[in-house]
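Overview (structure and organization)
Listed here are the chains, written in short residue letters.
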Amino acid sequence: MNTRRPEPDTSGRYAPCATVDAVSRGRRYREPPPSYRSEFQRDRDRIIHAAAFRRLEYKTQVFVNHEGDLFRTRLTHSIEVAQIARSIARALALNEDLTEAIALAHDVGHTPFGHAGQDALNACMKNYGGFEHNLQSLRVVDELEEKYADFPGLNLTYETREGILKHCSVKNAAELGPVGERFLNGQQPGLEAQLTNLADEIAYNSHDVDDGLRAELITIEQLNEVRLFNEQYEEVKQLYPQLSQRRIIHEIVRRLINRQVTDLVQTSISRLELHAPASLEAVRRHPEALVAFSDRMRELNLELKRFLRRHLYRHYRVHRMSAKAERVIRALFEAFFNDPRLMPDEAQLKVAALREQSGDSGQARAVADYIAGMTDRYAIKEHARVYHPGELT
Ligand code: MG
């Protein structure tokens, strides 16, 4: 751990409970401090230069990448999360650089094909420790990125790593060392991690409405059942009765984001005033998250999520893509796990190394790492190259 302890921030720019360099628990491998950037700026910069970050451009959440160029990818999603999270961080006088680092890295461990891909890979890994995307994001920044001469991964600060690991099973947390401890002792992460987690929710609920409408999988009429949507719809209709459909949708979506962000900022300011945590440690020890939505907004959010689950995520066209995605992931896992010689040389070396460490589980983990790192289109190509006799290898 880096033991450097610069002077605490006294500029008044940050709230006393913000995460600043001076209170950071440091990096896993000791490094000299950056000379004109903060530690968290350096984290953010390393993430932007990571190969896994670039690959987010060709990974999807709900829609498969080649469905259309207008839909969100994980890259644009991550940028939207960073935008929303930075606004919230600034409003709460928290650390924007750390917030941005967490937001940009939060999805780097995702498999191709969104949740369908993750569920399929988790099923394949059932007997070998399972597959969790949050844990994989941490694994990418801690181990799998190979760039720096002096350490594996990106050697990010504890606080960025803590923010990336949003959820984790108790079993896996126990094996992670310090960054897993909060899942065992009921502590909270820093406020920047808390707010980025909710910014993620705001971003995907709002953009799934937007993408779902444009893909014509859901309609405005259907969405008007949902109170949070309907409130914004009525306002837009009242103000602009003649507006085109495209602009109506955008005016609603921007209001959806704004309503949720405003609620989150106001509720969090009240909670921070009430509990007045004097330090990052006080935030961690607080029995619950201090960044939160109001009860009413939580309820409205839940209603929107239920709607999306029922009408969008389970729409037959989405389900067809998910079912296809699952078959591709399962088939790739089966082929590579049973015969790693089908994998590229570099991936084979990793299989051999992990196999030596932990037998079949190690072999399965290396195969899962290889598959999880694929983009949607690469996974489809690999599937064809491995299974279709006519396809060139
Ligand atoms: Mg996300």
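First things first, this report covers the structure right here in the doc. Nothing here was measured: the structure is a model prediction, and the numbers come from that model. (Residues numbered from 1 in each chain as written. Predicted model: local features only at pLDDT ≥ 70, side-chain atom pairs only at ≥ 80, totals over all residues. Heavy atoms only, no water.)

1. A few points about the nonpolar core
General note: in soluble globular proteins, nonpolar side chains tend to be found buried as a group. Inclusion rule: For this analysis, a nonpolar core means a set of buried residues of the types Ala, Val, Leu, Ile, Met, Phe, Trp, Tyr and Cys, connected via side-chain atoms within 4.5 Å. Three exposure classes are used, based on accessible area relative to the maximum for each residue type with a 1.4 Å probe and protein chains only: buried under 20%, partly exposed in between, and exposed over 50%. Secondary structure follows DSSP: runs of H or I at least 4 residues long count as helices, runs of E at least 2 residues long count as strands, and numbering of each begins at the N terminus. Between two residues, a contact is recorded if the distance between any of their heavy atoms is within 4.5 Å.
Core analysis: the largest hydrophobic core is formed by 77 residues, its most contacted members being I47, I88, L191, V209, L213, L223 and F229. In terms of residues, this core owes the most to one element, helix 13 (residues 245-275), which gives nine residues. Beyond its immediate stretch of four places on either side in the chain, L223 contacts V209, L213, I218, F229, L304 and F307.

2. Overview of the pattern of salt bridges
Quick note on the threshold: The term salt bridge refers to a side-chain nitrogen of Lys or Arg lying within 4 Å of a carboxyl oxygen of Asp or Glu.
Enumeration according to the criterion identifies 39 salt bridges in this entry. E251 is the salt-bridge partner of R254, the closest N and O atoms lying 2.9 Å from each other. One end of the pair, R254, and the other, E251, are both in helix 13, three residues apart, so they sit about a helical turn from each other. Two residues, D360 and R355, come together in a salt bridge whose shortest N-O distance is 2.8 Å. Note on D360: relative accessible area 39%, which makes it partly exposed. By relative accessible area, R355 is classed as partly exposed at 37%.

3. Structural notes on the packing of aromatic side chains
The geometry of two aromatic rings is summed up by the distance between their centres and the angle between their planes. Going by this rule: Put simply, two rings from Phe, Tyr or Trp (the six-membered ring, in Trp's case) pair if the centres are within 6.5 Å, and we call them stacked under 30 degrees between planes, edge-to-face over 60, tilted for the rest. Sitting over a ring, as applied to charges here, requires NZ of Lys or CZ of Arg to be within 6 Å of the ring centre and within 35 degrees of the ring normal.
What the rule picks out here adds up to five aromatic pairs. Their ring planes at 20° and their centres at 6.5 Å tell us that Y29 and F151 sit as a pair that is stacked. With Y29 in the segment before helix 1 (39-48) and F151 in the loop between helix 6 (133-144) and helix 7 (158-164), this pair connects stretches of sequence that are 122 residues apart. On the basis of relative accessible area, F151 is assigned to the buried category, the value being 9%. In textbook terms, an aromatic cluster arises when at least three aromatic residues are bridged by ring pairs, as seen for Y29, Y148 and F151. Here the basic side chain of R385 rests over the ring of Y378, its NZ or CZ set 5.5 Å away from the ring centre.

4. With respect to the side chain of D142
Selection criterion: N or O atoms within 3.5 Å of each other form a polar contact, as long as, within protein, one can give a hydrogen and the other can take it, and as long as residues adjacent in sequence are counted only when both atoms are side-chain atoms.
Take D142: it is sitting in helix 6. A distance of 2.9 Å separates the side chain of D142 from the side chain of R161, its partner in a polar contact.

5. Regarding the environment of E143
Here E143 is to be found in helix 6. Spatially, the C-alpha atom of E143 lies 21 Å from that of L75, the residues being 68 residues apart in sequence.

6. Some words on the coordination of the magnesium ion
This is how it is decided: For Na, K and Ca the donor cut-off is 3.2 Å, and for all other metals it is 2.8 Å, counting N, O and S atoms only; because water is absent from this set, sites may look incomplete.
Protein ligation of the magnesium ion involves H77 (NE2), H106 (NE2), D107 (OD) and D200 (OD), the donor distances falling in the range 2.1 to 2.8 Å. Mapped onto the sequence, the donors of the magnesium ion take the spacing H-x28-H-D-x92-D. Here H106 is found in the loop between helix 4 (96-105) and helix 5 (114-124), whereas its partner D200 is found in helix 10 (residues 191-214), with 94 residues between them in sequence. Taking the relative accessible area as the measure of exposure, H106 reaches 3% and is therefore buried.

7. Some words on the side chain of T19
With respect to the helices and strands, the residue T19 is situated in the segment before helix 1. Since its relative accessible area comes to 1%, T19 is described here as buried. Within the structure, T19 has its side chain in polar contact with the side chain of E192 (distance 2.7 Å). Contact partners of T19, with chain neighbours within four places excluded, come to F40, N95, L98, E159, E192 and L280.

8. Things to note about the packing of helix 16 (residues 316-338) against helix 17 (residues 345-372)
This is how it is decided: Whenever a helix is involved, its axis is fitted only over the stretch in contact; in every case the axis is a line through C-alpha atoms, and angles between N-to-C directions fall within 0 to 180 degrees. For classification purposes, an angle smaller than 35 degrees is called roughly parallel, one larger than 145 roughly antiparallel, one from 65 to 115 roughly perpendicular, and anything else oblique. Put simply, a crossing is left-handed when the front helix is turned counterclockwise from the back one by less than a right angle, and right-handed when it is turned clockwise. Under the scheme applied here, ten amino acids are nonpolar (Ala, Val, Leu, Ile, Met, Phe, Trp, Tyr, Cys and Pro), four are charged (Asp, Glu, Lys and Arg), and all others, including Gly, are polar.
Relative to each other, helix 16 and helix 17 sit at 135°, their axes nearing to 10 Å. Put simply, helix 16 runs oblique to helix 17. Here helix 16 and helix 17 pass one another in a crossing that is right-handed. From helix 16, I329, L332, F333, F336 and F337 reach across to helix 17, where they touch D360, Q363, A364, V367, A368, Y370 and I371. Classifying every residue of the contact of helix 16 with helix 17 by side-chain character gives 10 nonpolar, one polar and one charged.

9. Topic: a positive patch on the surface
Keep this limit in mind: Residues enter a patch when their relative accessible area is above 30% and they make no salt bridge; the linking distance is 9 Å between like charges and 5 Å between nonpolar side chains (Val, Leu, Ile, Met, Phe, Trp, Tyr). Computed with the Shrake-Rupley method and a 1.4 Å probe, the accessible areas treat only the protein chains shown as cover for residues. Neither His nor the chain termini are counted; the positive set is Lys and Arg, and the negative set is Asp and Glu. For the purpose of locating charges, the reference atoms are NZ of Lys, CZ of Arg, CG of Asp and CD of Glu.
On the surface, R306, R309, R310 and R314 cluster together into a patch of positive charge. The residue R310 is located in helix 15 (residues 295-313) in this model.

10. Quick look at helix 16
For the record, the criterion: Under the convention used throughout, the expected extent of a helix is 1.5 Å for every residue step, that is, one less than its residue count.
Over its 23 residues, helix 16 extends 33 Å from the first C-alpha to the last, a length consistent with the 33 Å expected when each residue adds 1.5 Å. Of the residues making up helix 16, those classed as buried are V318, M321, S322, A325, V328, I329, A331, L332, F333, A335, F336 and F337. Looking at the buried positions of helix 16, the neighbouring elements they touch are helix 5, helix 15, helix 17 and helix 18 (376-387).

11. Some points on helix 3 (residues 74-91)
For helix 3, which comprises 18 residues, the first-to-last C-alpha distance of 26 Å matches the rise-based estimate of 26 Å (1.5 Å per residue) to within 8%. The complete set of buried residues in helix 3 reads R74, L75, H77, S78, V81, A82, I84, A85, I88 and A89. The inward-facing, buried residues of helix 3 abut helix 2 (51-55), helix 4, helix 5, helix 10 and helix 13. The distance from a side-chain oxygen at the start of helix 3 to the backbone nitrogen of L75 is 3.2 Å, and the residue carrying that oxygen is T73. Following helix 3 by one or two positions, A93 adopts a phi angle in the positive range, close to 55°.

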